[in-house]
Amino acid sequence: MSAEFGGRTGRQGKLSQWLRGRRPKEAAGDGGRQALLLAAAAAGLPLAPAAHPGPGYGCSCDRVGCPTPARHPVSFAWQTQSTTDRAQIERWSRHQPQANFITATGMVHDVLDVPVAAGREALERLLAAGVETGPVAESDDGRMLFFTLTRGTPEDEDEWWPCELDCHPETMDEHPGLRWHCRGSYVLVPPARLPGDDDRSVRWVRGPEHPLPDPLSLLEALTDACARHAGQEPGPIGAAWPLGH
């Protein structure tokens, strides 16, 4: 795949400008929020309510010094609570109008989570090469999220392993490069608000209507881009596994 990505073309430059300037058209108000959540659920992403920003850089939860403000589920039972049921998501959205939502990974989908600069570069090259990238979200905390099919299913349980082998939601600062969210992890699903004085958010770059791709079809482009972003020569794909330890 790397050979296909060599060099920049006029088309790639235009793609780069498009990616940097594009913001999906999201309907205003709770109706637009709920529509986006229901679209994610309809695509098979299981959702559960999450915390929302508090004053300053705070969190709506009552945890003193919350390490992941507005980025975590509100219930310890989020893995069993996560659902694609339309009626349940409508109830949550109606009764918790400020809540963010997470999507639990490792059930239907995984998420490849990279620094935004590396993600934009990889996405530009993948699109230029005609590779189906699936849904992609961008977060104002400097990350880009590539949604993919999960690496395992309940039918092939031996192929599953917990996300702690890669990264855990509350220890992600230890993993500045590629993070692979799989079983036991979650990410915020757009639209989501982040703490801070400005209007920081998580939003779709490519919406959930795009089919989930095989993660291996994206992995080389993402690892190469992360290596360049870190000022290192890209190594073999296997060197990226496990990602966390």
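Summary of the structure given here. (Residues numbered from 1 in each chain as written. Predicted model: local features only at pLDDT ≥ 70, side-chain atom pairs only at ≥ 80, totals over all residues. Heavy atoms only, no water.)

### Quick word on the sheet that holds strand β4 (residues 136-139)
Okay, so step 1: The strand order across the open sheet formed by six strands is β6-β3-β5-β4-β9-β8, and the pairing between neighbours is antiparallel. Among the strands making up the open sheet, the edge pair consists of β6 (179-181) and β8 (192-193).
Okay, so step 2: Here strand β3 (residues 109-115) runs beside β6; their pairing, made up of three bridges, is antiparallel. Paired with Leu-112 across the strands is Trp-180, a residue of β6.
Okay, so step 3: Across the sheet, helix α6 (residues 216-229) is in contact with β3, β5 (143-149) and β6; its angle to β3 comes to roughly 20°. (Pairing = 2+ DSSP bridges. Helix = DSSP H or I, 4+ residues; strand = E, 2+ residues; numbered from the N terminus. Contact = heavy atoms within 4.5 Å. Axes fitted to C-alpha atoms, helices over the stretch in contact; angles between N-to-C directions.)

### Re the sheet that holds strand β1 (residues 47-50)
Pairing between the strands of a sheet is mediated by backbone hydrogen bonds and can be parallel or antiparallel.
Okay, so step 1: One open sheet holds the three strands; their spatial order is β1-β2-β7, and the pairing between them is antiparallel. The open sheet has two edge strands with one neighbour each: β1 and β7 (186-189). In this sheet, adjacent strand axes meet at a mean angle of 40° when their direction is disregarded.
Okay, so step 2: Taken together, the four bridges between strand β2 (residues 100-104) and β7 define a ladder with antiparallel strand orientation. Counterpart to Ile-102 in the pairing with β7 is Leu-188.
Okay, so step 3: In the packing of helix α4 (residues 86-95) onto the sheet, the strands contacted are β1 and β2, and the crossing angle to β1 comes to about 10°.

### Brief notes about unusual backbone geometry
Okay, so step 1: In the segment running from Pro-190 into Pro-191, the intervening peptide bond is cis, with an omega of -5°.
Okay, so step 2: Positionally, Pro-191 belongs in the loop between β7 and β8.
Okay, so step 3: Not every positive phi belongs to a glycine, and Ala-70 is a case in point at roughly 65°.
Okay, so step 4: Inspection of the secondary structure assignment puts Ala-70 in the loop between β1 and α3 (78-81).
Okay, so step 5: Overall, Ala-70 belongs to the buried group, its relative accessible area being 0%. (Buried < 20%, exposed > 50% of the residue type's maximum accessible area, 1.4 Å probe, protein only.)

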